[in-house]
Amino acid sequence: MTKTNSLAFYCIIVLGLTLTKIQLSDESELIIKRPNANLSRVPKDLPLQTTTLDLSQNNISELRTSDILSLSKLRALIMSYNRLRYLNISVFKFNTELEYLDLSHNELRVISCHPTANLKHLDLSFNAFDALPICKEFGNLSQLQFLGLSGSQVQNSRVQLIGHLNISKVLLVLGDAYGEKEDPKCLQHISTETLHIVFPSKREFRFLLDMSVSTTISLELSNIKCVLEERDCAYFLRALLKLRKNRKLSHLILNNVETVWNSFINILQWVWHSPAKYVSISNVRLQGQLASSRFTYSDTSLKALSIRQVVADVFSFPQRYIYSIFSNMNIQNLTVSGTHMVHMLCPSQVSPFLYLDFTDNLLTDMVFKDCRNLTGLKSLSLQKNQLKNLGNVILMSAEMTSLQKLDISRNSLRYSDGGNPCSWTQSLLVLNLSSNMLTGSVFGCLPPKVRVLDLHNNRILSIPKDVTHLQALQELNVASNSLTDLPGCGAFSSLSVLAIDHNSVSHPSEDFFQSCRNIRSLTAGNNPFRCTCELREFAKSIGQASREVVEGWPDAYKCDYPESTKGTPLQDFHMSPLSCDTILLTVTIGATMLLLAATGAFLCLYFDVPWYVRMLCQWTRTRHRARNIPLEELQRNLQFHAFVSYSGHDSAWVKNELLPNLEKDDIRVCLHERNFVPGKSIVENIIHSIEKSYKSIFVLSPHFIQSEWCHYELYFAHHNLFHEGSDNLILVLLEPIPQYSIPTNYHKLKNLMAQRTYLEWPTEKNKRGLFWANLRASINVKLVNLAEATSYTQQ
Ligand SMILES: *[C@@H]1O[C@H](CO)[C@@H](O)[C@H](O)[C@H]1NC(C)=O
Ligand SMILES: *[C@@H]1O[C@H](CO)[C@@H](O)[C@H](O)[C@H]1NC(C)=O
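Worth saying up front: this structure is predicted, and the values here are computed from it rather than measured.

(A) Structural detail: the site of ligand 2. Looking at ligand 2, the residues that line it are Gln383, Ser409, Arg410, Asn432, Ser434, Val452 and Asp454. A distance of 2.7 Å separates an oxygen atom of ligand 2 from a polar side-chain atom of Ser409. In the model, a nitrogen atom of ligand 2 is placed 2.7 Å from a nitrogen or oxygen of the Asp454 side chain. Burial of ligand 2 by the protein amounts to 56% of the accessible area it has alone, namely 360 Å². Each residue belonging to the shell around ligand 2 can be placed in one class, and the counts come to one nonpolar, four polar and two charged.

Here is the structure:
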């Protein structure tokens with residue numbers, strides 16, 4: 001077992017359910033998180049290997065050595081939002097690895113100091129200290145990167161204790177009792193790149209604080225309240241003025257500002273002449289009047305200004321003035337978002353704006369109408385406003401000849417090509433039209449060079465066939481619409497990323513993968529797939545595509561129909577090729593039938609079935625006839641003693657040897673050559689001859705078995721109705737017949753031959769007497785007076 005495994009095992013066994021959450025990131029980390037668990041003391045059941053312990057948001061009021069003594073691996077302890085009142089830093093003396101300690105948002109009033117050399121992050125902010133909790137031991141925290149402090153008094157002497165440390169970020173939370181009496185120069189000795197000062201939230205800004213820390217690059221000030229009109233935010237502006245000498249200052253962040261319009265514009269005006277390049281003001285509450293005065297834009301370092309979340313009480317002055325201050329700003333980036341701004345003016349001369357972000361306002365599609373002074377603008381966001389008519393936005397874009405990125409998502413845009421020219425700016429590369437009310441008609445007018453097009457969450461039912469050809473389009477997002485099929489890539493020959501999840505695609509066309517050869521990423525899950533034959537090819541292709549290409553596979557791809565497959569992952573959906581391909585099915589059935597027919601035919605021929613059938617018919621007819629005639633009468637009808645069946649090749653022997661020998665004893669012989677009735681069928685003649693003869697003699701020879709007729713004769717003789725069994729048959733073997741040469745369908749003959757019940761024609765002359773005697777005996781007739789059959793004998 002690896003160390004990780006055994007650790008995990010240990011955790012599960014020992015801690016089991018008692019812990020809210022256990023995370024094991026890598027081998028040396030064991031993170032125990034139990035925030036918000038209503039704990040009033042540090043739990044006793046912590047694993048000894050714990051490296052990170054999060055006990056934030058509980059009710060713990062005391063931290064003792066014994067609580068954490070055994071956690072010798074502890075590197076991070078988070079106990080923010082608890083009720084600690086007192087801290088003796090010596091409780092950590094056995095946690096020599098401890099480097100991250102967050103005790104913010106407690107009720108700490110006092111700490112006792114103890115050397116702790118390793119700390120990199122120490123947060124004591126948002127506590128109830130009077131004086132800044134800085135021990136002289138902090139001076140040894142040479143690795144300290146973050147220090148969070150809070151206090152109502154900021155004594156220079158305390159700050160000096162850490163003045164020699166280079167701390168990346170210092171957070172200073174001033175308590176509610178922080179007053180004007182403080183030494184304004186108290187922060188001078190801090191050395192930090194990022195300084196965040198949090199002022200008391202409920203008090204007017206009336207502090208004589210010099211915040212100009214020479215090492216600071218980024219300064220964040222929270223809770224600035226100066227609403228008393230007559231003072232004009234004088235204290236705060238005076239504090240800002242002091243920052244002018246901070247040449248390093250680059251980022252200024254003001255957060256939670258509550259003031260009056262005039263002061264706000266004054267702050268902006270100060271910003272213009274400050275060293276800061278990036279200024280961000282957020283969560284602003286404004287009230288009062290605005291006295292219009294000139295805003296001077298000259299002499300500024302400012303590059304980007306962002307103003308977010310502004311609440312203004314009812315405007316009682318023309319808003320045009322405010323809009324014109326913003327629109328004429330000579331900076332690259334401007335963000336004004338989360339305000340209730342209803343309009344924005346066109347800059348009065350060609351503007352240096354590159355990036356404008358007016359997300360989340362109340363702008364209408366009259367914004368920047370016919371505005372020719374935004375020719376340098378590269379990116380514009382009008383996300384989440386009140387735009388309604390896409391046609392107006394298209395016209396607006398036409399004048400922005402450098403615009404590459406336009407975000408007009410989350411509006412109420414519709415498009416109808418009511419005769420307006422499709423005048424999108426040619427420069428546009430990224431267009432975000434998501435979360436609007438657009439239909440498929442939008443595909444009739446799109447920026448010709450667009451590469452990324454986001455149309456998700458609209459009302460598109462289908463992508464029309466006659467779409468604008470977008471050769472440069474690489475990414476198309478049409479998720480969350482009502483599309484029923486995947487778009488082919490015919491009109492979008494460069495498409496490499498397609499999102500079409502959450503639509504109504506039930507059986508995507510098979511040729512999608514053929515037409516979209518450049519696809520690198522396809523997101524098509526959460527569609528109501530119909531798991532029938534039509535889906536087979538698609539399911540196969542998508543299953544074969546590599547995992548990197550198909551996003552969300554296999555979990556998001558499920559059958560929706562038929563009912564029996566609902567919820568089945570497409571991955572497990574299989575249909576046999578046979579049940580799906582009608583041609584294949586027809587061919588298969590046809591082939592099977594043919595095979596059966598062929599087999600049948602072969603078997604018929606092999607076993608001579610037709611012949612047997614024919615014979616069976618004859619036999620049945622004869623039998624039928626015979627049943628109606630009494631036996632005596634039949635016997636009376638016998639005209640011959642013997643019918644001789646032979647092959648034409650053996651006729652010489654029959655005429656020269658057999659006939660003379662039999663007829664000299666008055667045995668009447670029926671020969672087919674002599675006695676067959678012309679006009680009757682051969683079969684009939686055979687049957688008649690056999691019926692009219694007492695016995696049937698077969699002259700067997702290799703010729704005989706070659707002759708089909710002879711075979712018939714044998715068959716009939718054997719089934720002769722008037723003579724039981726086969727004793728009416730006399731077989732004469734004229735020449736030896738090898739067993740193998742008898743055709744397999746001559747079963748009768750084979751059997752008879754096997755029983756050796758035949759007379760052999762001797763080659764030696766002297767034996768022939770006996771042969772004739774035997775033959776005569778076999779015929780064994782008392783030479784009954786056969787009925788005169790003139791018709792036969794006369795021939
Ligand atoms: C302006 O904003 C864009 C987009 O956020 C950013 O990439 C760019 O760096 C910003 N420029 C400046 C000067 O802040
Ligand atoms: C379009 O805007 C939405 C928010 O409205 C955002 O989630 C999405 O990522 C944006 N799309 C692109 C391609 O930037």
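(B) Geometry of a nonpolar patch on the surface. Together, Leu578, Leu584, Leu585, Ile589 and Met593 line one region of the surface with nonpolar side chains, adding up to about 430 Å² of accessible area. By residue number, the principal contributor to the nonpolar patch is helix α11 (residues 582–606), which donates four residues. Structurally, Leu585 can be placed in helix α11. For Leu585, a relative accessible area of 35% translates into the label partly exposed.

(C) Molecular detail of the site of ligand 1. If you check the shell around ligand 1, you find Tyr278, Lys303, Ala304, Gln332, Asn333 and Tyr355 and nothing else. Contacts to ligand 1 include Asn333, whose side-chain N or O atom sits 2.2 Å from an oxygen atom. Coverage of ligand 1 by the protein chains reaches 50% of its 360 Å² of free accessible surface. Of the residues assigned to the shell around ligand 1, the class counts are three nonpolar, two polar and one charged.

(D) Spotlight on the packing of helix α14 (residues 651–663) against helix α20 (residues 768–779). One way to put it is that α14 packs onto α20 with a least axis distance of 10 Å and a crossing angle of 65°. The orientation of α14 relative to α20 falls into the category roughly perpendicular. Judged by the sense of rotation from one axis to the other, the crossing of α14 with α20 is right-handed. In contact with Trp653, Glu657, Leu658, Asn661 and Leu662 of α14, α20 contributes Arg768, Phe771, Trp772, Leu775, Arg776 and Ile779. A class-by-class count of the residues in the contact of α14 with α20 yields seven nonpolar, one polar and three charged.

(E) Representation of the packing of aromatic side chains in the model. This structure, assessed with the given rule, holds 20 aromatic pairs. For the pair Phe295 and Tyr297, a centre-to-centre distance of 4.9 Å together with 50° between the ring planes defines the contact as tilted. The two residues Phe295 and Tyr297 agree in class, both being buried. Note on Phe529 and Tyr557: the rings are 6.2 Å apart at their centroids and 15° apart in plane angle, and the pair reads as stacked. Separated by 28 residues along the polypeptide, Phe529 in strand β25 (residues 529–530) and Tyr557 in the loop between β26 (550–551) and β27 (559–561) bring together distant segments of the chain. Relative accessible area serves as the criterion here: at 0%, Tyr557 is assigned to the buried category. Within the aromatic cluster, the residues linked to one another by ring pairs are Phe512, Phe513, Phe529, Phe538, Trp553 and Tyr557.

Rules used throughout
Throughout, residues of each chain are indexed from 1 in the direction in which the sequence is written. Working convention: letters from A go to chains and numbers from 1 go to ligands, in the order in which they are written. In keeping with the model being predicted, local features are shown solely for residues with a pLDDT of at least 70 and side-chain atom pairs are shown and tallied solely at 80 or more, while totals for entire chains, interfaces and linings include all residues. Note that water and hydrogens are dropped before the side-chain values are worked out from all heavy atoms of the structure. Definition of nearness: a residue and a molecule or strand are near each other if at least one heavy atom of the residue lies within 4 Å of the molecule or strand. Here a polar contact means two N or O atoms within 3.5 Å. Within protein one must be a hydrogen donor candidate and the other an acceptor candidate, and residues neighboring in sequence count only if both atoms are side-chain atoms. Per-residue and other accessible areas were derived by the Shrake-Rupley procedure at a 1.4 Å probe size, with only the shown protein chains allowed to occlude residues. Three classes are used: nonpolar for Ala, Val, Leu, Ile, Met, Phe, Trp, Tyr, Cys and Pro, charged for Asp, Glu, Lys and Arg, and polar for all others, with Gly counted as polar. What goes into a patch is any residue over 30% in relative accessible area without a salt bridge, connected to like charges within 9 Å or, for nonpolar side chains (Val, Leu, Ile, Met, Phe, Trp, Tyr), within 5 Å. When a carboxyl oxygen of Asp or Glu is within 4 Å of a side-chain nitrogen of Lys or Arg, the pair counts as a salt bridge. Strands here mean DSSP runs of E at least two residues long; helices mean DSSP runs of H or I at least four residues long; both are numbered from the N terminus. Think of it in three bands: residues with accessible area under 20% of the maximum for their type are buried, residues over 50% are exposed, and the middle band is partly exposed, with areas taken using a 1.4 Å probe on protein chains only. In this analysis, axes come from line fits to C-alpha atoms, helices being fitted only over the stretch in contact, and the angle between any two N-to-C directions falls in the range 0 to 180 degrees. In these notes the angle categories are as follows: under 35 degrees is roughly parallel, over 145 is roughly antiparallel, 65 to 115 is roughly perpendicular, and the rest is oblique. The hand of a helix crossing depends on one turn: near helix anticlockwise from the far one by less than a right angle means left-handed, and clockwise means right-handed. Contact between two residues is taken to exist if any of their heavy atoms lie within 4.5 Å; hydrogens are not considered. For Phe, Tyr and Trp, rings pair up if their centres lie within 6.5 Å, where Trp contributes its six-membered ring, and each pair is then called stacked (planes under 30 degrees apart), edge-to-face (over 60) or tilted (otherwise).

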